[in-house]
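Each chain, written out:
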Amino acid sequence: MNLHLLRLFVAVAEAGSFSRAAEGLWISQPAVSKGIRELEHQLDLTLIERGAGKGFRLTEAGTSLLTHARGIFAMERAALDDVRARVGVQRGSLTIGASTTVASYWLPPYVAAFCAAYPAVVPRVTVGNTQWVCEQLLECRIDLALVEGRVDEERIEVSEWKADPLTLVVAPGSTLPRRAVTAEALGRQNWILREPGSGTRQATEALCEAHGIAALPWMEMASNEAIARTVASGVGISMLPRVVVADMLALGALRELKLAGGATFSRPLYRLALKNRPLAPAALKMVELLERKGALARAQRA
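Read on for a plain summary of the structure. (Residues numbered from 1 in each chain as written. Predicted model: local features only at pLDDT ≥ 70, side-chain atom pairs only at ≥ 80, totals over all residues. Heavy atoms only, no water.)

Looking now at helix α1 (residues 3–15). For α1, spanning 13 residues, the distance from its first C-alpha to its last is 18 Å, which sits close to the expected 18 Å at 1.5 Å a residue. Along α1, the positions that sit buried rather than exposed are L5, L6, L8, F9, V10, A11, V12 and A13. At the N-terminal end of α1, a side-chain oxygen is found 2.8 Å from the backbone nitrogen of H4, two or three residues along, and the residue is N2. Looking at the residues trailing α1, positive phi occurs at G16, about 75 degrees. (Helix = DSSP H or I, 4+ residues; strand = E, 2+ residues; numbered from the N terminus. Expected span 1.5 Å × (residues − 1). Buried < 20%, exposed > 50% of the residue type's maximum accessible area, 1.4 Å probe, protein only. Polar contact = N/O pair within 3.5 Å; in protein donor to acceptor, adjacent residues only side chain to side chain.)

Spelled out as structure tokens, the structure:
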């Protein structure tokens, strides 16, 4: 059914006149009459019975069609209202995929700022390692991704978001020197690392290789917090995001190691999006928050 012709029919039926319908639609009366005839021809039904003068009445089929048409155009208006509201970020949802450190420590203030700015949009955060988040993005299950590890996937657009300092940690009672530790000494330790596919694991291996440290995995765990507590109990050594272990270092539950030569460790965090897939309005607003200077500080003060 041609919706343009149906719209002409509704205009005529509600105006009670071909001429008034034409005026309301800003088209000629002959064009309206022709459109009604075409609709009747398509449906093989008479919708309007024309009188001897200028009057007309709807047939039974015309009355029934008018009821359905009103429902159709009501749904159309509701759809347009909904789309406009989403474009204006007045309703809808936003699904963010984030790797564990980002989701636990970096992202919450931004989510809080987003909720304050767009209270009618419901954000959802799904959490996994970098590899899993990339899979979710490729399957279009999430709108936006924030990860810790490098991504080499031609379908994904990668942007550096912020720096994430890393630190070497041991238990407070470790026999390793307190001032500076050589790469050789570190290579003889029992290393506890994240699982393969984790951004923290990827960064640890890359940084240790760059500084000549043989960080072979003695144990693997799928949680930074679990690694931190295991190391604090006196088992092994690890390199973890400073934001994860800051409280334990302050409380003396962990001790930070300094590499001989004064080297420091840091990795970039990344924002990911699918190439050739436009971001939804809500996702665009979140990107604006993520990239805006000072957004984190304002969110934390709020």
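Turning our eyes to something else, we now look at the packing of α1 against helix α3 (residues 29–43). Across the interface, α1 lies against α3 with an axial gap of 9 Å and an inter-helix angle of 115 degrees. In this structure, the crossing between α1 and α3 has a hand that is left-handed. Between α1 and α3, the contacting residues are L5, L6, L8, F9 and V12 on the first element and A31, V32, G35, I36, E38, L39 and Q42 on the second. Here the residues of the contact of α1 with α3 sort into nine nonpolar, two polar and one charged. (Axes fitted to C-alpha atoms, helices over the stretch in contact; angles between N-to-C directions. Left-handed = near helix turned anticlockwise from the far one by under 90°. Contact = heavy atoms within 4.5 Å. Nonpolar A, V, L, I, M, F, W, Y, C, P; charged D, E, K, R; others polar.)

Enumeration according to the criterion identifies three aromatic pairs in this entry. On the basis of an interplanar angle of 80 degrees and a centroid distance of 5.5 Å, the ring pair of F18 and F56 is categorised as edge-to-face. Of the two residues, F18 sits in helix α2 (residues 18–25) while F56 sits in strand β2 (residues 56–58), which places them 38 residues apart along the sequence. Each member of the pair F18 and F56 is classed as buried. With a centroid separation of 5.1 Å and 50 degrees between ring planes, the pair formed by F114 and Y118 is classed as tilted. Using a relative accessible area of 18% as the deciding quantity, one classes Y118 as buried. If you follow K162 out to its NZ or CZ, it ends over the ring of W161, 5.2 Å from the centre. (Phe/Tyr/Trp six-rings, centres within 6.5 Å; stacked < 30°, edge-to-face > 60°. Lys NZ or Arg CZ within 6 Å of the ring centre and 35° of its normal.)

A separate point is the environment of V125. On the secondary structure map, V125 appears in strand β4 (residues 121–127). When the C-alpha atoms of V125 and G97 are compared, they prove to be 5.8 Å apart, with 28 residues separating the residues in sequence.

With respect to the helices, strands and loops of the structure, Q136 is situated in helix α7 (residues 130–138). Classification of Q136 by relative accessible area gives buried; the value is 14%. Those residues in contact with Q136 that sit more than four places away from it in its chain are R141 and I142.

With that settled, consider the pattern of salt bridges. In the structure shown here, the tally under the stated rule is 12 salt bridges. Measuring nitrogen to oxygen at the nearest pair gives 2.6 Å for the salt bridge that ties E49 to R57. Since its relative accessible area comes to 48%, R57 is described here as partly exposed. The salt bridge involving R242 is made with E256; its shortest N-O contact spans 2.4 Å. Taken together, the positions of R242 in helix α11 (residues 242–251) and E256 in strand β10 (residues 255–257) put the pair 14 residues apart, joining distant regions of the chain. You can call E256 partly exposed: its relative accessible area is 22%. (Salt bridge = Lys/Arg side-chain N within 4 Å of Asp/Glu carboxyl O.)

So, on to the pairing of strand β8 (residues 217–221). For strand β7 (residues 191–194) and β8, the ladder comprises four bridges, and the chain directions are parallel. Counted as the bridge partner of L193 is E220 from β8. For the crossover from β7 across helix α9 (residues 199–210) to β8, the handedness is right-handed. (Pairing = 2+ DSSP bridges. Right-handed = clockwise from strand over helix to strand, strands pointing away.)

With that settled, the discussion passes to α11. For α11, the full list of buried residues reads V244, V245, M248 and L249. Looking straight down α11, one finds its buried side chains confined to an arc of 110 degrees; they lie on one side. Looking at α11, the residues exposed on the side facing more than 90 degrees away from the buried face are D247, A250 and L251. Looking at the buried positions of α11, the neighbouring elements they touch are α5 (100–106), β6 (156–170), α10 (224–232), β9 (238–241) and β10. Trailing α11 by a residue or two, G252 shows a phi angle of about 85 degrees, which is positive. (Arc of directions from axis to C-beta.)

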